[in-house]
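# Structural description and commentary
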Protein chains: 2
Amino acid sequence: MEKVVLKTKTLPLNKIQINDPFWSYYINLVRDVVIPYQWEALNDRIPDAEPSSAIKNFKIAAGEEEGEFHGMVFQDSDVAKWLEAVGYLLSVESDEELEKIADGIIDIIAKAQLEDGYLNTYYTLKEPGKRWTDLSECHELYCAGHMIEAAVAYYQATGKRKILDVVIKFADHIDDVFGTEPGKLRGYDGHQEIELALIKLYEVTSNDKYLRLSQYFLEERGRKPHFYEEEFKKRGGTYHWPDSWMIRNKEYSQAHKPVSEQDKAVGHAVRFVYMCTGMAHLAAETGNREMYEASKRLWNNMVSKNMYITGGIGSQSHGEAFSTDYDLPNDTVYAETCASIGLIFFAQRMLQVEPNSQYADIMERALYNTVLAGMGHDGKSFFYVNPLEVEPHVCGSNHIYHHVKPTRQRWFGCACCPPNVARLLASLGQYIYTVRENTVYTHLYISGQAEIELDDNRRLILEQETNYPWSGNIQFTIKADQETELTLALRIPDWCENAEISINGELKSVSALMIDGYAMIKGTWKTGDQINLVLPMPVVRVKGHPLVRHTAGKVALQRGPLVYCLEEADNGQNLHQILLPSDRSLEIEEDENLLGGMKVITGEAIKRKTENWGEALYKPNIHLETESVSIKFIPYFAWANRGLGEMQVWVNEKETL
Amino acid sequence: MEKVVLKTKTLPLNKIQINDPFWSYYINLVRDVVIPYQWEALNDRIPDAEPSSAIKNFKIAAGEEEGEFHGMVFQDSDVAKWLEAVGYLLSVESDEELEKIADGIIDIIAKAQLEDGYLNTYYTLKEPGKRWTDLSECHELYCAGHMIEAAVAYYQATGKRKILDVVIKFADHIDDVFGTEPGKLRGYDGHQEIELALIKLYEVTSNDKYLRLSQYFLEERGRKPHFYEEEFKKRGGTYHWPDSWMIRNKEYSQAHKPVSEQDKAVGHAVRFVYMCTGMAHLAAETGNREMYEASKRLWNNMVSKNMYITGGIGSQSHGEAFSTDYDLPNDTVYAETCASIGLIFFAQRMLQVEPNSQYADIMERALYNTVLAGMGHDGKSFFYVNPLEVEPHVCGSNHIYHHVKPTRQRWFGCACCPPNVARLLASLGQYIYTVRENTVYTHLYISGQAEIELDDNRRLILEQETNYPWSGNIQFTIKADQETELTLALRIPDWCENAEISINGELKSVSALMIDGYAMIKGTWKTGDQINLVLPMPVVRVKGHPLVRHTAGKVALQRGPLVYCLEEADNGQNLHQILLPSDRSLEIEEDENLLGGMKVITGEAIKRKTENWGEALYKPNIHLETESVSIKFIPYFAWANRGLGEMQVWVNEKETL
């Protein structure tokens with residue numbers, strides 16, 4: 001098959017340092033709060049929390065403890081995600097104590113592995129002999145994928161092979177079991193994850209059997225006769241989840257047709273983006289045109305018809321799933337934090353296929369809005385669901401909001417989102433740059449430095465200094481062993497007009513430099529060279545596509561990458577009666593008291609009065625009185641940090657029609 | 001306890017003739033289509049429909065057939081509701097063939113009754129020995145109530161006592177079993193219905209033990225220790241519905257506290273209004289102040305904070321239930337047809353307690369909008385759920401709309417709403433008038449005549465002639481054996497301003513006549529006297545209470561009692577982009593082609609253009625182009641008779657703020 005791409009490479013995490021006024025706070029939270037706390041939780045040492053049993057399951061499987069398996073069928077993955085995050089933290093900064101803890105659990109995991117390489121405590125302890133009999137429902141390959149990701153991260157951080165060897169043995173076993181060859185099981189996973197993990201294993205081992213195995217899983221998916229039905233019959237019609245719905249509803253796990261024929265974002269949003277991440281990564285590695293085209297088609301459908309302005313995906317709680325094109329309700333939305341994290345993985349792989357700023361724009365949108373909103377400022381509370389509109393008092397009363405929590409939940413109440421936030425933030429450096437031949441792409445504006453090894457073994461250090469996202473001024477400084485010819489590609493975000501670039505003080509015409517959303521600055525660089533990028537950040541009024549019912553007549557404010565919202569704490573109750581005039585100016589102000597200081601947007605609006613109406617529910621021929629009110633918008637990610645209250649991203653607009 | 005009321009009496013159905021250009025069509029549909037069709041369905045003779053088995057169950061219990069019970073635990077009630085509707089039809093007009101069929105099933109029902117009076121085919125056939133062990137979940141008293149209502153209706157129509165004697169024997173048995181006396185079961189029903197039925201039985205037998213039994217069931221409800229818990233323990237923790245939720249969720253069946261302490265419309269909407277009907281009826285019969293005050297409190301909460309403009313109640317599908325005050329979503333609404341029918345029962349009983357037009361206003365609203373919308377113009381298709389806003393293509397895609405059908409369903413797919421519509425329309429005459437001492441109240445404007453027997457055995461015939469709801473001109477003509485002093489109380493609807501009344505051609509000042517919403521026309525009447533009532537019917541723009549999020553910035557049109565809506569068939573797609581200017585005139589036009597002819601509302605509106613936008617889901621600093629469009633509103637009840645399409649009751653308004 002014709003190769004369509006030249007892979008754009010991600011920089012190794014240990015070559016990136018983040019030292020950023022905005023992000024360092026969150027990354028330190030992960031290191032100092034989230035990871036230690038999660039370790040306690042995995043070890044059942046959090047009072048008042050339901051025991052996780054995840055570590056205990058491994059200890060029992062390793063023969064170190066007595067007892068029974070407890071938890072979900074995918075409980076192992078919680079340990080894996082923790083270990084993966086630890087790997088990323090250790091890549092950036094060594095921590096002997098943490099490494100010792102990690103080595104300890106790795107020893108236990110290794111002991112829990114069976115002789116033939118199989119590793120899964122649920123099946124080993126609870127259903128021995130039943131392995132690989134219910135792939136559609138029981139997450140064996142999903143857990144395998146997470147353990148592989150963890151192993152790769154930990155190996156890359158420490159150079160220690162123990163856990164890597166464990167997963168290689170496991171992956172080899174999986175390769176022996178699955179495939180199209182006679183005698184092999186021609187099946188695939190119910191929850192995609194192994195596909196993207198195997199490519200990571202290929203990257204670190206250079207053994208292309210893992211690449212082929214990933215491709216096998218992707219290409220086998222959704223074929224007829226349908227594997228879910230076959231294995232369901234084979235095991236006598238038993239099922240793990242009620243009424244076998246997970247087997248019957250094949251769109252839920254994107255197994256309704258072969259991936260190469262899929263063209264719409266459907267089903268469980270996390271499964272969808274994990275699958276697409278694998279597809280795009282495979283395309284980047286192999287140049288497989290079918291995978292490339294399918295990834296791109298699915299990306300386009302998702303971002304142009306099924307994504308919230310916050311980078312949230314998944315319009316409904318039922319199946320944590322996409323709905324249909326342009327159905328994007330703001331209040332009953334799901335927009336799971338994990339789904340936006342998966343969206344960032346997908347965007348990163350698309351950038352490996354083709355450097356085009358549309359992928360980085362969406363990556364930035366999801367990161368600064370949904371993902372960041374997913375974790376409280378304390379690092380101990382999390383949203384699964386990220387609504388764009390909340391009226392707290394109806395959440396417990398009307399079933400359509402049963403999944404919407406108006407306050408973040410303590411993390412141990414959840415299993416998937418907090419460790420996912422942890423592993424993303426701990427590896428944030430990976431998302432800032434990519435390199436392709438002699439071009440270094442900058443996708444995100446985050447202070448710190450990157451050490452770039454170029455093809456001919458030259459080395460260049462790129463320093464970024466910025467107060468992004470509060471300011472759009474970014475200064476790059478070069479350090480190089482020798483004069484280096486190189487193109488620096490700086491993303492000009494989709495929200496930005498009139499960007500300015502100057503090189504060593506000399507202003508350049510940006511429009512002349514633009515290719516696929518990047519300003520391509522070709523130069524021969526030496527230590528001390530400076531590039532200044534100015535991305536003006538006025539307040540922007542955003543409108544939704546006219547086919548979206550839920551944004552009709554409404555406007556959302558954005559400044560830089562940040563989407564803003566109204567909160568009751570600043571604007572009182574009944575946000576639905578506020579109208580933002582389209583013709584009045586909005587001011588940007590510094591609010592030093594809000595979560596350590598941030599830029600807020602203030603202005604004047606019109607509000608319909610709710611008093612003086614009286615008792616009647618409906619009234620004829622009445623004109624509601626209005627008043628002028630001062631309003632204040634705060635960044636969406638910062639909502640729900642000041643007690644219970646209403647919140648709105650999309651605000652009614654008073655238009656001059 | 002102090003009596004608070006003087007009961008206002010309903011007229012017997014056989015004293016009312018309806019001969020109305022609007023309603024006769026629907027009543028004939030019930031007689032000619034619905035009742036015959038339903039009989040076939042109850043007898044499992046509809047091809048392609050799931051067999052009902054309801055008649056068969058009775059035949060098996062009667063020893064006339066072999067077999068097993070099939071259907072829901074409340075399957076008997078379908079037969080009862082059918083028989084009740086037949087009773088009403090026979091009250092108005094004799095029909096030998098229909099009466100013969102009814103007598104036949106009555107014979108079978110009588111044979112199915114056990115020696116001690118017990119009657120319920122589910123328990124007799126399927127769980128013998130288990131009767132009265134699961135009242136919270138299993139509808140025994142509910143089915144009993146429906147059979148009592150049927151018996152009363154049939155007896156009143158035909159004078160035949162057979163079915164009446166059956167239910168008297170059954171009610172006596174229930175009275176032997178239930179009560180506070182030692183040795184009796186101190187329990188009550190899970191689905192309210194027996195309460196209102198027993199009062200009907202009291203009305204026809206004058207045996208006040210049924211009144212006391214009804215009062216017992218109402219007063220016992222919600223007391224501690226909780227009966228549901230007690231019987232749950234007693235039967236060893238078994239349950240009929242999954243996870244015993246119906247036992248645990250006590251608000252669902254309004255058993256969370258004693259009825260006299262309840263002050264909010266909560267839980268299953270049909271249960272709620274059936275309970276309130278019993279409470280208000282008890283208050284009307286006995287003057288019980290506690291019941292009166294509780295009924296009124298619950299009525300007020302329901303109509304002033306929890307009712308749609310269409311007279312629909314129940315904001316959510318989960319539990320077919322109310323949500324919380326002012327939470328009235330238009331698209332995910334439940335608004336079950338049966339609930340609005342129950343609301344009419346409740347209103348009728350409140351009118352018996354105190355003649356105040358607010359009850360009749362709501363009765364009219366529910367009748368002309370939700371109830372009438374519940375049945376298709378063909379009489380063969382029905383809505384359970386009556387949304388105020390529909391976008392058909394999302395109904396199958398987003399779970400929050402799983403209950404919303406954008407087209408009426410063939411009636412045999414449902415069990416409860418079609419027979420409920422049938423019994424309401426067949427007994428519509430009962431809702432037009434009430435009499436209290438020497439005052440005759442007219443609540444509904446429907447052509448026909450009523451024979452009124454006054455306290456002193458005088459008789460007066462009141463003739464109504466009108467083209468309501470299309471016209472607000474109503475002419476009353478008197479026929480009287482002798483000159484009769486009497487007050488004619490004519491409701492001036494809440495939607496009407498500037499009503500005019502003339503008596504024998506002489507104009508009267510309406511405002512001087514008004515008491516509690518009725519124009520009280522005192523006179524000494526003789527044959528040929530004429531009263532002309534003119535209720536002007538301009539188009540009225542209605543607004544929702546400012547605390548209702550779902551009507552903010554929107555307007556609904558009403559003309560007379562009819563709420564109007566926009567449909568895609570007249571106005572194209574994307575109704576959400578239409579804005580109705582607050583300052584432009586609207587015209588009333590006759591549309592002869594629409595379902596036999598009706599008045600529609602036309603005008604000019606503004607529509608945001610949906611073309612020319614392009615691909616992007618979100619765009620900065622953009623102003624959508626608009627165009628002027630002609631729009632047409634049709635009565636809400638007539639929607640969904642012209643194929644699949646969008647519909648909206650509440651339309652965005654372009655206000656001059």
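For every chain, the first residue of its written sequence is number 1, and the numbers climb from 1 along that sequence. Written order decides the labels, with chains lettered from A and ligands numbered from 1. Restriction of local features to residues with pLDDT of at least 70 applies here, the model being predicted, together with a cutoff of 80 or more for giving and counting side-chain atom pairs; totals for whole chains, interfaces and linings are based on all residues. Excluding hydrogens and water, the side-chain values take into account all heavy atoms of the structure.

## Here's the deal with the overall build of chain A
Each helix corresponds to a stretch of at least 4 residues labelled H or I by DSSP, and each strand to a stretch of at least 2 residues labelled E; elements are numbered beginning at the N terminus. The number of helices and strands found in chain A is 19 helices and 26 strands. Taking 2.2 N^0.38 as the reference for a compact globule, 657 residues should give roughly 26 Å; the C-alpha atoms of chain A span a radius of gyration of 25 Å, in line with that estimate. Across its three principal directions, the C-alpha atoms of chain A cover 75 × 70 × 50 Å. Only protein chains enter the accessibility calculation, which uses a 1.4 Å probe. A residue is then buried if its area is under 20% of the maximum for its type, exposed if over 50%, and partly exposed in between. Taken over 657 residues, chain A has a buried fraction of 65%. Residue contacts are defined here by distance: any two heavy atoms, one from each residue, within 4.5 Å place the two residues in contact. Contacts in chain A between residues far apart in sequence, at least 24 positions, make up 71% of those at least 6 positions apart. Here the Shrake-Rupley method, with its probe set to 1.4 Å, supplies the accessible areas, and only the displayed protein chains count as covering residues. In the structure as shown, chain A presents an accessible area of about 23,100 Å², 45% of it carried by carbon and sulfur atoms. Taking the average location of the 67 positive side-chain charges in chain A and that of its 94 negative ones, the two points are 3 Å from each other. Atoms counted for the radius of gyration: C-alpha only. Globule rule: 2.2 Å times residue count to the power 0.38. Think of it this way: Lys and Arg go in the positive column, Asp and Glu in the negative one, and His and the chain ends go nowhere. For this purpose, a charge sits on NZ of Lys, CZ of Arg, CG of Asp or CD of Glu.

## Describing helix H13 (residues 269-286) of chain B
Helix length check: H13(B), at 18 residues, gives a terminal C-alpha distance of 26 Å against a target of 26 Å (1.5 Å per residue), a fit within 8%. Across the 18 residues that make up H13(B), a large majority, 17, are buried. Here, expected helix span is obtained from the residue count minus one, scaled by 1.5 Å.

## Here's the deal with the interface of chain B and chain A
Between chain B and chain A, the residue contacts involve 65 residues of the former and 65 residues of the latter. The buried area of a pairing is the accessible area, by a 1.4 Å probe, that goes missing from both parts when the two are put together, added over both. A combined buried area of about 5,400 Å² lies between chain B and chain A, and 56% of that area is made up of carbon and sulfur atoms. It is Arg549(B), Leu617(B) and Tyr618(B) in chain B that bury the most area against chain A; as a group they hold 15% of the surface buried on that side. Any carboxyl oxygen of Asp or Glu within 4 Å of a side-chain nitrogen of Lys or Arg constitutes a salt bridge here. Linking chain B to chain A there are 4 salt bridges. Two residues, Glu655(A) and Arg608(B), come together in a salt bridge whose shortest N-O distance is 3.3 Å. For this analysis, a polar contact is any N or O atom pair within 3.5 Å, provided that within protein one partner can donate a hydrogen and the other can accept it, and provided that sequence-adjacent residues contribute only side-chain to side-chain pairs. For the pair chain B and chain A, the number of links is 31 residue pairs in polar contact (both at pLDDT 80 or more). Polar here means any residue outside two lists: the nonpolar Ala, Val, Leu, Ile, Met, Phe, Trp, Tyr, Cys and Pro, and the charged Asp, Glu, Lys and Arg; Gly therefore counts as polar. For the side of chain B that touches chain A, a count of residues per class yields 27 nonpolar, 25 polar and 13 charged. Of the strand pairs in this sheet, strand E17 (residues 539-544) of chain A and strand E23 (residues 618-620) of chain B are connected by 3 bridges, and their pairing is antiparallel. Bridging from a neighbouring strand, Gly544(A) pairs with Tyr618(B) of E23(B). Two strands qualify as a pair provided DSSP detects at least 2 bridges between them.

## A short note on the environment of Ile400(A)
Structurally, the position occupied by Ile400(A) is in the loop between helix H16 (392-395) and strand E5 (409-410). Judged by its relative accessible area of 11%, Ile400(A) is buried. Setting aside residues no more than four positions away along its own chain, Ile400(A) makes contact with Thr332(A), Thr332(B) and Ile400(B).

## Focus: the relation of the copies chain B and chain A
Copies overlap after least-squares fitting; the atoms used are the C-alpha atoms of residues with pLDDT of at least 70 in both. It takes a turn of 180° to lay chain B on chain A, together with a shift of 0.0 Å along the axis; the resulting RMSD is 0.0 Å. The operation mapping one copy onto its partner corresponds to a two-fold rotation axis. Across chain B, the rotation axis passes nearest the C-alpha of Ile400(B), at a separation of 3.0 Å. Taken together, the interface assignments show that 100% of the residues at the interface of chain B recur at the interface of chain A, consistent with an identical surface on both copies.

## A short note on the environment of His550(A)
When you line up the elements, His550(A) lands in the loop between E17 and strand E18 (554-559). For the pair formed by His550(A) and Lys526(A), sequence separation is 24 residues and the distance between their alpha carbons is 52 Å. Those residues in contact with His550(A) that sit more than four places away from it in its chain are Tyr326(A), Asp327(A), Leu328(A), Pro329(A), Asn330(A) and Tyr401(B). Only 3.4 Å separates the side chain of His550(A) from the side chain of Arg549(A), close enough to count as a polar contact.

## Considering the sheet that holds strand E8 (residues 448-453) of chain A
Residues and elements named next belong to chain A. Strand order in the open sheet formed by 7 strands is E2-E8-E9-E10-E16-E12-E13, and the pairing between neighbours is antiparallel. Looking at the sheet topology across the chains shown, the edges are occupied by strand E2 (16-18) and strand E13 (506-508). Adjacent strand axes in the sheet meet at a mean angle of 20°, parallel and antiparallel pairs treated alike. Here strand E12 (residues 500-503) runs beside strand E16 (residues 530-534); their pairing, made up of 4 bridges, is antiparallel. Bridged to Glu-500 within E16 is Val-534. An axis is simply a line fitted to the C-alpha atoms; with a helix, the fit covers only the stretch in contact. Between two such axes, the angle follows the N-to-C directions and lies from 0 to 180 degrees.

## Notes on the pattern of salt bridges
Tallied over the full model, the rule gives 92 salt bridges over all chains. Here Asp481(A) and Arg459(A) are joined by a salt bridge, their closest N and O atoms 3.6 Å apart. Residue Asp481(A) is found in the loop between strand E10 (473-480) and strand E11 (484-491), and its partner Arg459(A) is found in strand E9 (residues 459-466); the two are separated by 22 residues along the sequence. The exposure class assigned to Arg459(A) is partly exposed, which follows from its relative accessible area of 31%. Residue Glu220(B) is joined to Arg186(B) by a salt bridge in which the shortest nitrogen-to-oxygen separation is 2.8 Å. In this pair, Glu220(B) sits in helix H10 (residues 208-220) while Arg186(B) sits in the loop between helix H8 (162-177) and helix H9 (194-205), placing the two residues 34 residues apart along the sequence. For Glu220(B), a relative accessible area of 8% gives the class buried. Judged by relative accessible area, Arg186(B) falls into the partly exposed class, the value being 43%.

## Examining the nonpolar core
Residues enter a nonpolar core if they are buried and are Ala, Val, Leu, Ile, Met, Phe, Trp, Tyr or Cys, with the set joined through side-chain atoms within 4.5 Å. The biggest cluster of nonpolar side chains holds 470 residues, and the ones touching the most others in it are Trp23(A), Met302(A), Trp23(B) and Met302(B). Filtering out sequence-adjacent residues up to four positions away, Trp23(A) remains in contact with Leu367(A), Tyr368(A), Leu372(A), Leu425(A), Leu428(A) and Ile446(A).

## Let's talk about the UniProt feature "domain: Non-reducing end beta-L-arabinofuranosidase-like GH127 middle" (unreviewed entry) in chain A
UniProt positions are given in the numbering used here, feature names are shortened, and annotations may be inferred rather than shown by experiment. The residues that UniProt annotates with the feature "domain: Non-reducing end beta-L-arabinofuranosidase-like GH127 middle" (unreviewed entry) are residues 439-537 of chain A. The span residues 439-537 of chain A is 4% helix and 57% strand, and its two end C-alpha atoms sit 27 Å from each other.

## Side note on the state of the cysteines
Two cysteines, two sulfur atoms, one covalent bond between them: this is a disulfide. Only a pair of cysteine sulfur atoms within 2.5 Å counts as a disulfide in this structure description. In this structure the tally under the stated criterion is 0 disulfides over all chains. Of all cysteine sulfurs, the one in Cys395(A) lies closest to Cys565(A), which takes part in no disulfide; the gap is 15 Å. This cysteine, Cys338(B), is not joined by any disulfide, and Cys417(B) carries the nearest cysteine sulfur, 3.4 Å off.

## Looking at the sheet that holds strand E6 (residues 433-436) of chain A
All names here are of chain A. Here we have 6 strands laid out as an open sheet, ordered E1-E6-E7-E11-E15-E14, and mixed in their pairing. The two strands at the open ends of the sheet, each matched to only one other strand, are strand E1 (9-10) and strand E14 (514-515). Across 2 bridges, the pairing between E14 and strand E15 (residues 518-525) is antiparallel. Counterpart to Met-514 in the pairing with E15 is Ala-519. The strands that helix H15 (residues 357-373) touches are E11 and E15; relative to E11, the one it contacts most, it runs at about 55°.

## Notes on the packing of helix H15 (residues 337-353) of chain B against helix H18 (residues 417-426) of chain B
All names here are of chain B. Following both chains from N to C, one finds H15 and H18 inclined at 30°, their axes separated by 9 Å at the closest point. The angle between the axes of H15 and H18 places the two elements in the roughly parallel class. Note that H15 runs across H18; the crossing there is left-handed. On H18, the residues touching Thr-337, Cys-338, Ile-341, Ile-344 and Phe-345 of H15 are Cys-417, Asn-420, Val-421, Arg-423 and Leu-424. Here is the rule for angles: anything less than 35 degrees is roughly parallel, anything more than 145 is roughly antiparallel, 65 through 115 is roughly perpendicular, and the remaining ranges are oblique. Crossings are sorted by hand: turned counterclockwise from the far helix by less than a right angle, the near helix makes the crossing left-handed, and turned clockwise it makes it right-handed.

## Some words on the domain arrangement of chain A
Often, the extent of an interface is quoted as the loss of accessible area upon association of its parts. Residues and elements named next belong to chain A. For the domains described, the bounds stem from an automatic or database domain assignment. Taken domain by domain, chain A holds domain 1 (433-534) and domain 2 (540-654). Its C-alpha centre places domain 1 at a distance of 37 Å from the equivalent point of domain 2. Contacts between the two partners involve 4 residues from domain 1 and, on the opposite side, 12 residues from domain 2. Of the roughly 630 Å² buried at the junction of domain 1 and domain 2 (both faces included), carbon and sulfur atoms supply 69%. Area buried by domain 1 at its contact with domain 2 is led by Pro-469, Trp-470 and Trp-495, which between them contribute 94% of it. In this structure, the connection of domain 1 to domain 2 is made through 0 salt bridges. Our count for the domain 1 to domain 2 interface comes out at 1 residue pair in polar contact (both at pLDDT 80 or more). By residue class, the composition of the side of domain 1 that touches domain 2 is 4 nonpolar, no polar and no charged.

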